[in-house]
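Listed below are the residues making up each chain.
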Amino acid sequence: MHELIVSRGPGQFATNVDPQQISELCAQPGTVLWLDLTDPGPAELALLREEFGFHPLSIEDASKPSQRPKVDSYSTYYFVVFYCISMDDATYALCTAPIYLFIGHNYLVTVHREPIAQIGETLRRWQAPDSPLQQDVAALIYALLDAIVDDYFPVMDTIADRADDLEDRIFENFDETALQEIFQLKKDLLQLRRVVAPERDVLNVMLRRDIPVFDQQDVLYLQDVYDHIIRVTDAIDTYRDLLASALDSYLSMQSNRLNQIVKALTIASIILMSVTLVAGIYGMNFEFMPELQWRYGYLWALGLMAAIALGLIAFFRRIRWL
């Protein structure tokens with residue numbers, strides 16, 4: 001499925017355009033063209049090669065999923081790989097969807113597998129009667145990238161809420177099932193880091209002004225998107241460190257609990273061994289034993305065992321084991 005929009009000036013948009021006229025439209029001065037391809041097939045990919053003259057390597061990259069975010073420079077255009085990120089509020093499933101951009105002097109081609117809401121949002125802003133966007137490719141690139149990056153922040157807010165909830169479950173409720181969620185959240189943050197960090201490099205290349213599509217004013221807008229990417233990257237690193245600290249604290253608490261249990265068992269063993277010694281001595285079946293015929297020998301043995309136990313408890317309290 002494809003959508004082709006041609007702008008010949010503010011408020012002058014044409015949507016019923018024959019794709020076979022793309023090469024002619026691109027050659028017309030003052031014309032801006034946006035071609036959006038959703039799940040393109042062989043015919044759409046052939047259109048990119050025939051009408052735009054894109055290099056086979058860039059077309060191959062656009063037809064394969066899981067490409068790393070990057071920007072490639074060709075003779076007449078630039079190929080950019082960017083990612084849309086979303087998270088399900090119910091299941092907390094993280095979704096990363098790549099979008100491929102072919103950026104020319106007066107055209108923009110976007111390729112993606114699934115429908116992307118940011119594209120529809122940018123199209124509405126571009127075609128609005130009072131649109132603040134200029135009728136050039138640079139304005140489209142800024143509006144699209146800004147919409148994509150702005151949607152990163154709700155994802156980071158969800159991650160922040162999850163991190164706070166996991167910390168409460170660990171330190172207040174001591175919920176051991178939170179461990180699995182911590183590892184899953186750390187995995188999600190690692191996946192985000194692998195996407196956002198290269199995107200920072202992509203925008204950094206655009207800010208070098210080596211791309212003739214962007215002038216000085218457009219670079220200022222791209223700087224705003226770059227700052228947002230930096231904020232997201234810093235937030236990812238911060239939450240990864242917080243989760244790592246929470247996990248270390250949880251393991252320390254578990255180790256401390258184990259030490260306390262072992263200490264209690266050790267104290268109990270020492271007390272029982274001591275009183276068992278007395279019981280063992282007075283349980284021997286020798287004929288001539290002190291206190292064997294004594295009327296109060298049984299009470300004496302019980303009292304001696306109680307005294308030993310109380311003495312050991314007092315000793316352990318003195319050395320602060322209890």
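Here the structure is shown first, and the text comes after it.
Notes on the structure in this doc start here. What you see as residue numbers is a count from 1 along each chain, following the sequence as written. pLDDT decides what is reported in this predicted model: residues at 70 or higher carry local features, side-chain atom pairs at 80 or more are listed and counted, and totals for whole chains, interfaces and linings draw on all residues regardless. Only heavy atoms go into the side-chain values, all of them from the structure, while hydrogens and water stay out.

1. Things to note about the overall build of the protein
Only runs of H or I of at least four residues qualify as helices and only runs of E of at least two qualify as strands under DSSP, and these elements are numbered from the N terminus. Within the protein, the regular secondary structure consists of nine helices and seven strands. In this setup the radius of gyration rests on C-alpha atoms only. A globule is expected at 2.2 Å times the number of residues raised to 0.38. For the protein, whose C-alpha radius of gyration is 36 Å, the value lies well above the compact-globule estimate of 20 Å for 322 residues. If one aligns the C-alpha atoms of the protein with their principal axes, the spans along those axes are about 125 × 35 × 30 Å. Within the protein, the fraction of its 322 residues that count as buried is 43%. Here the term buried applies to any residue with accessible area under 20% of the maximum for its type, exposed to any over 50%, and partly exposed to those in between, with areas from a 1.4 Å probe on protein chains only.

2. Section: the packing of helix α4 (residues 117-127) against helix α5 (residues 137-150)
Every axis corresponds to a line fitted to the C-alpha atoms, with the helix fit spanning only the stretch in contact, and the corresponding angles, defined between N-to-C directions, vary from 0 to 180 degrees. The contact between α4 and α5 brings their axes to 9 Å, and the two run at 140°. On the basis of the axis angle, α4 is oblique to α5. In this structure, α4 meets α5 at a crossing whose hand is right-handed. Between α4 and α5, the residues in contact are Gln118, Ile119, Glu121, Thr122, Arg125 and Trp126 and Leu140, Ala143, Leu144, Ala147 and Ile148, respectively. Here roughly perpendicular refers to angles of 65 to 115 degrees, roughly parallel to angles under 35, roughly antiparallel to angles over 145, and oblique to all remaining angles. For a crossing to be left-handed, the near helix must be turned anticlockwise from the far one by less than a right angle; the clockwise case is right-handed. Throughout, a contact is declared for two residues whenever any of their heavy atoms are within 4.5 Å.

3. Side note on the environment of Leu94
Its location among the elements puts Leu94 in strand β6 (residues 94-103). Each C-alpha atom, one on Leu94 and one on Leu192, is 8.9 Å from the other, the two residues being 98 residues apart in sequence. Setting aside chain neighbours within four positions, we find Leu94 in contact with Ile85, Ser86, Met87, Val155, Asp188, Gln191 and Leu192.

4. Let's talk about the pattern of salt bridges
Whenever a carboxyl oxygen of Asp or Glu lies within 4 Å of a side-chain nitrogen of Lys or Arg, that contact is scored as a salt bridge. Tallying each qualifying case throughout the model produces six salt bridges. Across the pair Arg113 and Asp39 runs a salt bridge, and its minimum N-O distance is 3.0 Å. Highlighted residues: Arg113 in the loop between β7 (107-112) and α4 and Asp39 in the loop between β3 (32-38) and α2 (42-52), separated in sequence by 74 residues. Residue Lys70 pairs with Asp61 through a salt bridge whose shortest N-O separation is 2.9 Å. Judged by relative accessible area, which is 23%, Lys70 ranks as partly exposed. One continuous salt-bridge network, built from bridges that share partners, spans Asp61, Lys70 and Asp72.

5. Concerning helix α6 (residues 152-171)
It helps to recall that an α-helix has 3.6 residues per turn; residues three or four apart then point in one direction. Residue count minus one, scaled by 1.5 Å, sets the expected span of a helix. End to end, α6 covers 29 Å across 20 residues, agreeing with the expected 28 Å (1.5 Å per residue, within 8%). Buried positions along α6 lie against β5 (78-87), β6, α5, α7 (178-207) and α8 (216-282).

6. So, the environment of Val219
Within the fold, Val219 resides in helix α8. Take Val219: its relative accessible area is 6%, and that puts it in the buried class. A sequence separation of 129 residues divides Val219 from Ala90, and the C-alpha atoms of the two residues are 38 Å apart.

7. As for a nonpolar patch on the surface
Patch members must show over 30% relative accessible area and no salt bridge, and they are joined within 9 Å when carrying like charges or within 5 Å when they are nonpolar side chains of Val, Leu, Ile, Met, Phe, Trp or Tyr. To be clear on the numbers: accessible area is Shrake-Rupley with a 1.4 Å probe, and residue cover counts the displayed protein chains and nothing else. Taken together, the side chains of Leu277, Ile281, Tyr282, Met284, Trp294, Tyr296, Tyr298, Leu299, Trp300 and Leu302 define a hydrophobic patch exposed on the protein surface, amounting to about 1100 Å² of accessible area. Every element with two or more residues in the nonpolar patch is listed here: α8 and α9 (297-318). Per element, the largest residue contribution to the nonpolar patch is four residues, and it comes from α9. Relative to the elements of secondary structure, Tyr298 occurs in helix α9.

8. Some points on the packing of aromatic side chains
Planes of paired rings set the category: under 30 degrees apart is stacked, over 60 is edge-to-face and the rest tilted, where pairs are Phe, Tyr or Trp rings (Trp by its six-membered ring) whose centres lie within 6.5 Å. By the definition in use, this model includes 10 aromatic pairs. Ring geometry for Tyr142 against Tyr221: centres 4.9 Å apart, planes inclined by 50°, an arrangement best described as tilted. With Tyr142 in helix α5 and Tyr221 in helix α8, this residue pair connects regions lying 79 residues apart in the sequence. For Tyr221, a relative accessible area of 39% translates into the label partly exposed. Clustering of aromatic rings is evident, with ring pairs tying together Phe52, Phe54, Tyr74, Tyr77, Phe79, Tyr100, Phe102 and Tyr107.

9. Section: the side chain of Thr110
For Thr110, the location among the structural elements is in strand β7. Since its relative accessible area comes to 0%, Thr110 is described here as buried. Polar contacts here mean pairs of N or O atoms no more than 3.5 Å apart (in protein, one a potential hydrogen donor and the other a potential acceptor; neighbouring residues in sequence count only if both atoms are side-chain atoms). Only 3.1 Å separates the side chain of Thr110 from the side chain of Trp34, close enough to count as a polar contact. The contact partners of Thr110, leaving out residues within four places of it in the chain, are Trp34, Leu35, Asp36, Leu37, Ile99, Tyr100, Leu101, Ile119 and Leu144.

10. So, the layout of surface pockets
Any empty space left between atoms is shown by rolling a water-sized probe over those atoms. Only protein atoms enter the 1 Å grid used here. Points where a 1.4 Å probe fits but cannot escape make up a cavity, open sets with protein on both sides within 12 Å along at least five of seven lines make up a pocket, and a residue lines them when an atom lies within 4 Å of a point. Grid points are joined across faces, edges and corners, and a volume is the space filled by probe spheres set on the points. The volume enclosed by the largest pocket comes to roughly 220 Å³. Every residue lining the largest pocket is counted, 16 residues in all, and those nearest its centre are Ser66, Gln67, Tyr83, Thr96 and Pro98. In this structure, the second largest pocket occupies an estimated 170 Å³ of space. Forming the walls of the second largest pocket are 14 residues, and the residues nearest its centre are His105, Asn106, Gln135, Asp136 and Val137. All amino acids are sorted into three groups, where Ala, Val, Leu, Ile, Met, Phe, Trp, Tyr, Cys and Pro are nonpolar, Asp, Glu, Lys and Arg are charged, and the leftover types, Gly among them, are polar. The residue makeup of the lining of the second largest pocket, split by class, is six nonpolar, five polar and three charged.

11. Digging into the packing of α6 against α8
Put simply, α6 and α8 touch, their axes get as near as 11 Å, and they point 10° apart. Regarding the angle of α6 to α8, the classification is roughly parallel. Here α6 runs over α8; the crossing is left-handed. Broken down by class, the residue content of the contact of α6 with α8 amounts to 18 nonpolar, two polar and two charged.

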